[in-house]
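Observations on the model geometry
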Amino acid sequence: MTTGYFFSHRHILDIEHLSADDIDYILTTAESFKEISARPIKKVPTLRGNTIINLFFEPSTRTRLSFEIAAKRMSADTFNISASTSSATKGETLIDTARNISAMNPDIIILRHSFSGAPHMLSQYVNAAVINAGDGTHEHPSQGLLDMLTVREHKKRLNNLKIAIIGDILHSRVAHSDILGFLRMGSEVFVYGPGTLIPPGLKELGVTVCSTMKEAVQDADVVMTLRIQKERQNDPLLPSFREYASKYGVTAQVASWARPDALIMHPGPINRGIELMPDVADGTQSVILDQVTNGVAVRMALLYLVTGNS
Amino acid sequence: MMPVPLLIKNGRIIDPANNVDGVRDLLIVDGCITDSATAIPSDVEKIDASGCWVVPGLIDMHVHLREPGEEYKEDILSGTRASAAGGFTAVACMPNTKPVNDSRAVTALILSQATKADARVYPIAAISKNSQGSALTEFGELKATGVVAVSDDGLPVRDSQLMRRALEYAADHGLLVISHSEEPSLSKGVMNEGIISTRLGLKGIPTAAESIMVYREIALAECLGKRVHIAHVSTAMSTELIRSAKARGVRVTAETAPHYFTLTEEAVMGYNTNAKMNPPLRTEQDRQAIRQGLADGTFDAIATDHAPHSILEKEVEFDRAMNGIIGLETSLPLSLALVREGVLDENKLIKLLSMNPARILGVEGGTLSAGARADITVINPDLQFTYTEEQVVSKSRNSPFLGEKLQGRAVYTIMGGRITHRLAA
């Protein structure tokens, strides 16, 4: 850690604006909180008296639960609001919602929204700290951080690794956060997927866009598989899931091209048999459940840090 | 009531229509420009134009005045006050009002409001009824009522056969067809497709969405031998298509807008809804190509696509924000930068802002000939100012240039001899 380092972020809107020192500090803080979740009584008073609002404009089970568990383990008072994205058509804008919530003086608002940039906008209208819990196809920073924590635990470093990310890069906010995070920490990122799901500009970001699965996965330290977003298939992006599974699915054979100690990861929920075969998802290299466990620790760290506890 | 005579003294007269560029006085009597032999009346009001350019009144061939239907954003009076403030003496207004200007009744309403306005208003009617792209509007009756062109601006004409028929039928009535060139199945995004759309997680619109339709319009105009005008060109590829079509003798004209030669997609960073427009802001390579197209005459006009939206449409999530920015009050300073940066000379700039739009639309203006209606803009090209929200004359404030330091602006705008804008000293 650089001497004189100070965590200065009021909000966690994306990975893009976190420095390598910031990421390192968040992950170290998260590690120190991990032990709390292993205690018989999983509660510390750290955030007692803090009010945390989970404002979810898009359905989510695991992210919301993970944030809520993180908040409760630190004794914060949490409130869940699940608003339909159609609420705007009922008359209230996101800014009005934000101003109303802000008037009740919460300390942290955790926002999940189907539009990219919504947390960024919200942060300009509220006094509370804003944590992005996934916005559109932009970023999902807490997921990116928990992925990095999981890799750091197993590989003992975050630099000089080959990270292969396979699948729907275009729509995956997790992939966007992972790409920015792993590159920032000094690793190499290789992506592979159907041309319809590879967004423009990745090369300029420093990502290697591969033309074969083998090129992407060969000697990889991490194979990150992404969920095919079935809800986005109205645009003719893929001819069929059957073909996707055979051309882009991560099978045991694909996994065998990676390093023997490679980690198999997936942000969940998995479409078993499509992007990831069950034997790989449940195999010895899979750290998918570690990711979930680490999610709570990372979110505890973020809640702790944005309330000014650095 | 006839305005008082005006004597504009010591200005640099730039009048491309008459190949004039030199310092001399200009006398206006009875709302018209006089010839040099006319005696100066005793009640003349003198305007000192030392250090200023005196040019034919600027004409913006692409604005949205929002009346009828969305007067909370802009109306004909407020929009023409903004025009005058920006140095424009005439504007052509697009038909995507509510209701759409697809009938004599709406055209007549606009013209009736315009009699009290601070700029001449030339209505553009829709190509198709309700701009729905299925049946032509009554071009003959619309022309007789006063429209100068037809366009489904805001919406492309999806059906190529309908576009073909529009070009043919418009020619019968001496109407210009203006194309909003956008291939609809490719243009479902909210900004330019590229590295920035990827970084922001916003759905992109590829440049091909525009070029494909520009090429269709050129192909139709070429094979039919008819005229077509391409609105708000934003890409390098479209510029090249128009350039080569012109070289072949195709009757195509084109406009671009100040934001396309000034800004790039970078302006969207931070989810700035005041940089959301259609077509979207493109890359630096596109911006340079647009500037080259202005320099070499590929573009015939600079038009603003003035698109007022209230805070209700802009202070929302980026995906939900409406497209468009206001432009009447910033067009001139942004265009003057092209002269300072050596892209254009003064003469070419005035052609793009006045003479050519008049000729393309087939309306009066664009000249300082003796006997012509006195539509004149006096420009101080050196005046520096910060464009602030308080200064905005338009009803809406949706500009990505707010807070910017700009140089050069209209100090007097004169319409038919009447001063419609005078910059407070």
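Per-chain numbering applies: the sequence of each chain, read as written, is numbered from 1 onward. Here chains are named by letter from A upward and ligands by number from 1 upward, in the order in which they appear as written. Local features in this predicted model are restricted to residues of pLDDT 70 or higher, and side-chain atom pairs are both shown and tallied only at a pLDDT of 80 or more, whereas totals for entire chains, interfaces and linings draw on every residue. Just so you know, side-chain values use all the structure's heavy atoms and leave hydrogens and water out.

1. A closer look at the overall build of chain B
Stated formally: Segments assigned H or I by DSSP are reported as helices when at least four residues long, segments assigned E as strands when at least two residues long, and all are numbered from the N terminus. Based on C-alpha atoms, the radius of gyration is set beside the globule rule, defined as 2.2 Å times the residue count to the power 0.38. Accessible area is worked out with a 1.4 Å probe on protein chains only. A residue is then buried under 20% of its type maximum, exposed over 50%, and partly exposed in between. Contacts are residue-level and defined by heavy atoms, with any inter-residue pair within 4.5 Å sufficient. Per-residue accessibility takes into account occlusion by the displayed protein chains alone, with areas from the Shrake-Rupley method and a 1.4 Å probe. The charge count treats Lys and Arg as positive and Asp and Glu as negative. His and the chain ends do not count. Note on charges: their place is set at NZ of Lys, CZ of Arg, CG of Asp or CD of Glu.
Helix and strand content of chain B: twelve helices and 18 strands. Computed over C-alpha atoms, the radius of gyration of chain B comes to 20 Å, within 12% of the 22 Å expected from 2.2 N^0.38 for 425 residues, which places it in the range of a compact globule. C-alpha atoms of chain B, sized along the principal axes, occupy 65 × 45 × 45 Å. In chain B, buried positions account for 62% of the 425 residues. For chain B, long-range pairs separated by at least 24 residues make up 76% of all intrachain contacts whose partners lie at least 6 apart in sequence. Element-wise, carbon and sulfur atoms account for 49% of the exposed surface of chain B, whose accessible area totals about 15300 Å². Positive and negative charge centroids in chain B, built from 43 and 52 side chains respectively, lie 2 Å apart.

2. Overview of the overall build of chain A
Check the secondary structure of chain A and you find twelve helices and nine strands. Its C-alpha radius of gyration of 19 Å places chain A within 12% of the 19 Å reference for a compact globule of 310 residues. Projecting the C-alpha coordinates of chain A onto the three principal axes gives extents of approximately 55 × 45 × 40 Å. Considering chain A as a whole, with its 310 residues, one finds that 57% of them fall into the buried category.

3. Points about the side chain of B:Thr239
Structurally, the position occupied by B:Thr239 is in helix H7 (residues 236–248). By relative accessible area, B:Thr239 is classed as buried at 1%.

4. Overview of the interface of chain A and chain B
Quick note on the threshold: A carboxyl oxygen of Asp or Glu within 4 Å of a side-chain nitrogen of Lys or Arg is what we treat as a salt bridge. Identification of polar contacts relies on pairs of N or O atoms within 3.5 Å, with a donor-acceptor requirement for protein atoms, meaning one able to donate a hydrogen and the other able to accept it, and with residues adjacent in sequence counted only if both atoms are side-chain atoms. Note on residue classes: Ala, Val, Leu, Ile, Met, Phe, Trp, Tyr, Cys and Pro are nonpolar, Asp, Glu, Lys and Arg are charged, and everything else, Gly too, is polar.
The partner chain B presents 16 residues to the 25 residues of chain A that form the contact. A salt bridge links A:Glu16 to B:Arg199, with the nearest nitrogen and oxygen atoms 2.5 Å apart. Our enumeration of links across chain A and chain B arrives at eight residue pairs in polar contact (both at pLDDT 80 or more). Its residues assigned to classes, the side of chain A that touches chain B shows eleven nonpolar, nine polar and five charged.

5. Things to note about the pattern of salt bridges
Residues and elements named next belong to chain A. Under the criterion given, the structure shown has 36 salt bridges over all chains. A salt bridge links Arg152 to Asp24; the shortest N-O distance between them is 2.6 Å. Residue Arg152 is located in helix H5 (residues 141–155), and its partner Asp24 is located in helix H1 (residues 20–34); the two are separated by 128 residues in the primary sequence. Classification of Asp24 as partly exposed rests on a relative accessible area of 23%.

6. Details of the pairing of strand S18 (residues 418–422) of chain B
All names here are of chain B. The cut-off we apply is this: Paired strands, in this sense, are two strands between which DSSP finds at least two bridges.
For strand S17 (residues 405–415) and S18, the ladder comprises four bridges, and the chain directions are antiparallel. When the sheet's bridge partners are listed, Tyr412 is paired in S18 with Arg422. Between the antiparallel neighbours S17 and S18 lie two residues, among them Gly416 with a positive phi of about 55 degrees.

7. Quick word on H5(A)
All names here are of chain A. Put simply, the rule reads: Expected span of a helix, by definition, is 1.5 Å for each gap between consecutive residues, and there is one gap fewer than residues.
Between its first and last C-alpha, H5 extends 21 Å over 15 residues, near the 21 Å set by a 1.5 Å rise per residue. Among the 15 residues that make up H5, 13 are buried, leaving the element largely enclosed by the rest of the structure. Lys156 sits one or two residues past H5 and shows a positive phi near 60 degrees.

8. Topic: helix H11 (residues 331–340) of chain B
Residues and elements named next belong to chain B. Counting buried positions along H11 gives nine out of ten residues, so the element sits mostly inside the fold. Buried within H11 are the following residues: Ser331, Leu332, Pro333, Leu334, Ser335, Leu336, Ala337, Leu338 and Val339. Count one or two residues on from H11 and you reach Gly342, which has phi positive near 80 degrees.

9. Quick word on the sheet that holds strand S3 (residues 108–113) of chain A
Residues and elements named next belong to chain A. Stated formally: The axes used here are C-alpha line fits, helices contributing only the stretch in contact, and every angle between their N-to-C directions lies in the interval 0 to 180 degrees.
Judged by pairing direction, the sheet is parallel, and its four strands sit side by side in the order S2-S1-S3-S4 without closing on themselves. The outermost strands of the open sheet, each flanked by one partner alone, are strand S2 (77–82) and strand S4 (129–135). In this sheet, adjacent strand axes meet at a mean angle of 15 degrees when their direction is disregarded. Bridge count between S3 and S4: five bridges; the pairing is parallel. Within the sheet, the bridge partner assigned to His113 lies in S4 and is Asp135.

10. Here we look at the nonpolar core
Spelled out, the test is: Nine residue types can take part in a nonpolar core, namely buried Ala, Val, Leu, Ile, Met, Phe, Trp, Tyr and Cys, and a core is a set of them joined through side-chain atoms within 4.5 Å.
Within the largest apolar cluster, 63 residues are counted, with the highest numbers of intra-cluster contacts made by B:Val121 and B:Leu294. Non-local contacts of B:Val121, meaning those with residues more than four positions away in its chain, are made with B:Leu65, B:Ile76, B:Thr80, B:Val91, B:Cys93, B:Ile110, B:Leu111 and B:Ala114. Membership of the second largest hydrophobic core comes to 59 residues, among which are A:Leu149, A:Val191, A:Met300 and A:Leu302.

11. Thoughts on a nonpolar patch on the surface
Here is the rule: What makes a patch is a set of residues exposed beyond 30% relative accessible area and free of salt bridges, joined within 9 Å when like-charged and within 5 Å when nonpolar (Val, Leu, Ile, Met, Phe, Trp, Tyr).
Where nonpolar side chains cluster on the molecular surface, the patch consists of B:Tyr72, B:Ile311 and B:Leu312 and spans about 350 Å² of accessible area. Mapped onto the elements of the fold, B:Leu312 is located in helix H10 (residues 311–314).

12. Some details on unusual backbone geometry
All names here are of chain B. Glu67 connects to Pro68 through a cis peptide bond whose omega is 5 degrees. Mapped onto the secondary structure, Pro68 falls in the loop between strand S6 (58–63) and helix H1 (76–85). Between Lys98 and the following residue, Pro99, the backbone shows a cis peptide bond with an omega angle of 0 degrees. Residue placement: Pro99 occurs in the loop between strand S7 (88–93) and helix H2 (104–114). For Asn10, which is not glycine, the phi dihedral falls at a positive 60 degrees. You can see Asn10 is positioned in strand S1 (residues 6–15). Residues other than glycine seldom take positive phi values, yet His232 does so here, at roughly 25 degrees. Looking at the secondary structure, you find His232 in the loop between strand S13 (228–230) and H7.

Note that every value here comes from positions in space, so none of it alone points to a role or purpose.
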